[in-house]
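Chain by chain, the residues run as shown.
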Amino acid sequence: MRRIFVINGPNLNMLGTRQPEIYGRDTLASIESDCRTKAAELKLEIAFFQSNHEGEIVTAIQQARGNFDAIIINPAAYSHTSVAILDALLACDMPVVEVHLSNIHRRDEFRRFSYVSKAADGVICGFGKQGYLLAIEAVASFFK
Ligand code: CA2
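Scoring rules and cut-offs
Residues numbered from 1 in each chain as written. Predicted model: local features only at pLDDT ≥ 70, side-chain atom pairs only at ≥ 80, totals over all residues. Heavy atoms only, no water. 1 Å grid on protein atoms, 1.4 Å probe; cavity = no way out; pocket = protein on both sides within 12 Å on 5 of 7 lines; lining within 4 Å. Points joined across faces, edges and corners; volume = space filled by probe spheres on them. Nonpolar A, V, L, I, M, F, W, Y, C, P; charged D, E, K, R; others polar. Near = heavy atom within 4 Å. Polar contact = N/O pair within 3.5 Å; in protein donor to acceptor, adjacent residues only side chain to side chain. Sits in = over half its atoms within 2 Å of the grid points. Core = buried A, V, L, I, M, F, W, Y, C linked by side-chain atoms within 4.5 Å. Buried < 20%, exposed > 50% of the residue type's maximum accessible area, 1.4 Å probe, protein only. Helix = DSSP H or I, 4+ residues; strand = E, 2+ residues; numbered from the N terminus. Pairing = 2+ DSSP bridges. Phe/Tyr/Trp six-rings, centres within 6.5 Å; stacked < 30°, edge-to-face > 60°. Disulfide = S-S within 2.5 Å.

Caption draft 1: Local environment of the layout of surface pockets. Of the pockets and cavities examined, the largest pocket occupies roughly 420 Å³. The wall of the largest pocket is formed by 21 residues, among which Pro10, Asn11, Leu12, Gln19 and Tyr23 lie closest to the centre. Its residues assigned to classes, the lining of the largest pocket comprises 9 nonpolar, 9 polar and 3 charged.

What follows is the structure, encoded as structure tokens:
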């Protein structure tokens with residue numbers, strides 16, 4: 001069975017508590033639960049990870065090599081700042097899908113650029129929780 005690693009960056013553990021007009025009302029736990037259901041439907045294994053620390057995310061990406069077959073990542077604010085996460089993803093040697101809950105292109109100017117996109121096979125933004133489920137479908141299609 002193919003294994004997907006879903007990585008979530010800083011502050012995403014706070015989802016559902018504030019700014020629902022931007023990020024929706026879903027908590028990260030409910031997103032994880034729906035991702036698990038979708039992965040099971042597509043016969044994929046899934047692991048879910050969240051960290052508020054850049055170095056922990058870099059280490060998680062490094063350790064994905066050999067343990068997972070694809071990465072889905074919402075790098076959150078690190079999308080716009082982190083060459084370290086970009087470099088880790090460039091070296092991970094597996095498909096990468098970048099996800100954002102909000103449409104980063106119609107928000108602040110500084111959110112419109114993502115370093116991570118340079119390492120991504122595809123980018124999904126603006127669809128809220130659905131974006132994660134679309135990313136799982138995209139990964140499943142890579143494996144066909
Ligand atoms: O739209 C996305 O998914 C983002 O990656 C979310 C990040 C933001 O920095 C990116 O520009 C776009 C922030 C997530 C923070 O979410 C919170 C939700 C509720 C309360 C506090 C933070």
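Alright, that's what it looks like, and here's the rest.
Caption draft 2: Main features of the site of the ligand. Around the ligand, 17 residues are found, and the nearest of them are Asn74, His80, Leu101, Ser102 and Arg111. The backbone of alanine 77 places a nitrogen or oxygen atom 3.4 Å from an oxygen atom of the ligand. Contacts to the ligand include arginine 111, whose side-chain N or O atom sits 2.9 Å from an oxygen atom. If you map the ligand onto the pockets, it falls in the largest pocket. Taken together, the residues of the shell around the ligand break down into 8 nonpolar, 6 polar and 3 charged.

Caption draft 3: The arrangement of the nonpolar core in detail. Core analysis: the largest hydrophobic core is formed by 25 residues, its most contacted members being Ile4, Cys35, Ile72 and Tyr132. Residues Ile61, Ala64, Val96 and Ala120 belong to the second largest nonpolar core, which totals 20 residues.

Caption draft 4: Structural context of the pairing of strand β1 (residues 3-8). When you tally the buried positions in β1, you get 5 out of 6 residues, the bulk of the element. Summarising the sheet, β1 and strand β2 (residues 45-50) pair through 6 bridges and their orientation is parallel. Residue pairing across strands places isoleucine 4 opposite isoleucine 46, the latter belonging to β2. Strand direction decides the pairing type here: β1 and strand β3 (residues 70-74), joined by 5 bridges, are parallel. Bridge pairing links phenylalanine 5 to isoleucine 71 in β3.

Caption draft 5: How the structure looks around the packing of aromatic side chains. Tallying each qualifying case throughout the model produces 3 aromatic pairs. Ring geometry for phenylalanine 5 versus phenylalanine 49: centroids 6.0 Å apart, planes at 40°, classification tilted. With phenylalanine 5 in strand β1 and phenylalanine 49 in strand β2, this pair connects stretches of sequence that are 44 residues apart. Taking relative accessible area as the criterion, phenylalanine 5 reaches 8% and is therefore assigned buried. By relative accessible area, phenylalanine 49 is classed as partly exposed at 23%. Each ring, one from phenylalanine 113 and one from tyrosine 115, has its centre 4.8 Å from the other, and the planes form 85°; the classification is edge-to-face.

Caption draft 6: Focus on the state of the cysteines. A full pass over the atoms with the stated rule returns 0 disulfides. Take cysteine 92: it sits in no disulfide, and the sulfur closest to it among the cysteines is that of cysteine 35, at 18 Å. We classify cysteine 92 as buried; its relative accessible area is 2%. In this model cysteine 125 remains outside any disulfide bridge; the closest cysteine sulfur is found in cysteine 35, 17 Å from its own.

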